[in-house]
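Working through the structure, step by step
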Amino acid sequence: MHTPFDFSQGADRTVYVKAVAVADLPKDVQESAGGHAQLYAVHDAEGSQLALVADRRLAYVLARQNDMTPVSVH
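Reference entry: report on the structure contained in this document. (Residues numbered from 1 in each chain as written. Predicted model: local features only at pLDDT ≥ 70, side-chain atom pairs only at ≥ 80, totals over all residues. Heavy atoms only, no water.)

Details of the overall build of the protein
Here is the rule we go by: Runs of E in the DSSP output that reach at least two residues are strands. Runs of H or I that reach at least four are helices, and both are numbered from the N terminus. A simple rule labels every residue: compare its accessible area, found with a 1.4 Å probe on the protein chains alone, to the largest value its type can have, and call it buried under 20%, exposed over 50%, or partly exposed in between. Whether two residues touch is decided by their heavy atoms; if any such pair falls within 4.5 Å, the residues are in contact. To be clear on the numbers: accessible area is Shrake-Rupley with a 1.4 Å probe, and residue cover counts the displayed protein chains and nothing else.
When its secondary structure is counted, the protein shows two helices and four strands. For the protein, the succession of helices and strands along the chain, N to C, is β-α-β-β-α-β. Counting across all 74 residues of the protein, residues that qualify as buried make up 31%. For the protein, long-range pairs separated by at least 24 residues make up 43% of all intrachain contacts whose partners lie at least 6 apart in sequence. In the form shown here, the protein has an accessible surface area of approximately 4,900 Å², with 49% of it arising from carbon and sulfur atoms.

Shown next as C-alpha cells:
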C-alpha cells in the first residue's frame, strides 16, 4: 500500500476504479484502512493494482493528476 508507482510508464492511459471491501484485503492492509469498510482500487488495463485510496473521488483525482483517464468498474 505504501509502495511508490511510476505512473508515467506504459502507453495505455486508461485506469479502472473499483470499490473493494476492506474485509477482502490482506490483514496488514486492513489494519492500515483507518476504520473504512470500503476502499477504492485503481488498476491498469492488465489488472495490476496501482493505488488503493479511501474514496472514489480521490481515486479519480489521483488518476487525472497523472494524466490518466479513470473509468468505473461496476
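So much for the structure itself; the text now carries on.
Thoughts on the sheet that holds strand S3 (residues 49-53)
Strand pairing in a sheet relies on backbone hydrogen bonds. The paired strands run either parallel or antiparallel. Worth spelling out the cut-off: The pairing criterion is simple: DSSP has to find at least two bridges between the two strands. Fitted lines through C-alpha atoms serve as axes, helices being fitted only where they are in contact, and the angles separating the N-to-C directions of these axes extend from 0 to 180 degrees.
The strand order S3-S2-S1-S4 describes an open sheet built from four strands, whose pairing is mixed. The open sheet has two edge strands with one neighbour each: S3 and strand S4 (69-72). Adjacent strand axes in the sheet meet at a mean angle of 30° when their direction is disregarded. Across four bridges, the pairing between strand S1 (residues 14-21) and S4 is parallel. Each residue of the ladder has a partner; that of Thr14, found in S4, is Thr69.

Remarks on the side chain of His43
Within the secondary structure, His43 sits in strand S2 (residues 38-43). Those residues in contact with His43, other than ones at most four positions away along the chain, are Val15, Tyr16, Lys18, Ser48, Gln49 and Leu50.

Examining the nonpolar core
Applicable threshold: Residues belong to one nonpolar core when they are buried, are Ala, Val, Leu, Ile, Met, Phe, Trp, Tyr or Cys, and are joined through side-chain atoms within 4.5 Å.
Among the nonpolar cores identified, the biggest contains 11 residues, and these are Val15, Val17, Tyr40, Val42, Leu50, Ala51, Val53, Ala59, Tyr60, Ala63 and Met68. Looking at this core, the elements with two or more residues in it are S1, S2, S3 and helix H2 (56-65). Contact partners of Tyr60, with chain neighbours within four places excluded, come to Val17, Pro70, Val71 and Ser72. Counting residues in hydrophobic clusters, the runner-up holds eight residues, among them Val29, Ala33, Leu39 and Ala41.

Examining the pairing of S1
Taken together, the six bridges between S1 and S2 define a ladder with antiparallel strand orientation. Bridge pairing in S2 places Ala19 opposite Tyr40.

A few points about unusual backbone geometry
Peptide bonds are trans in most cases, and residues, glycine excluded, mostly fall at negative phi. Here the phi dihedral of Asp67 falls at roughly 55°; this positive angle occurs in a residue that is not glycine. Along the chain, Asp67 turns up in the loop between H2 and S4.

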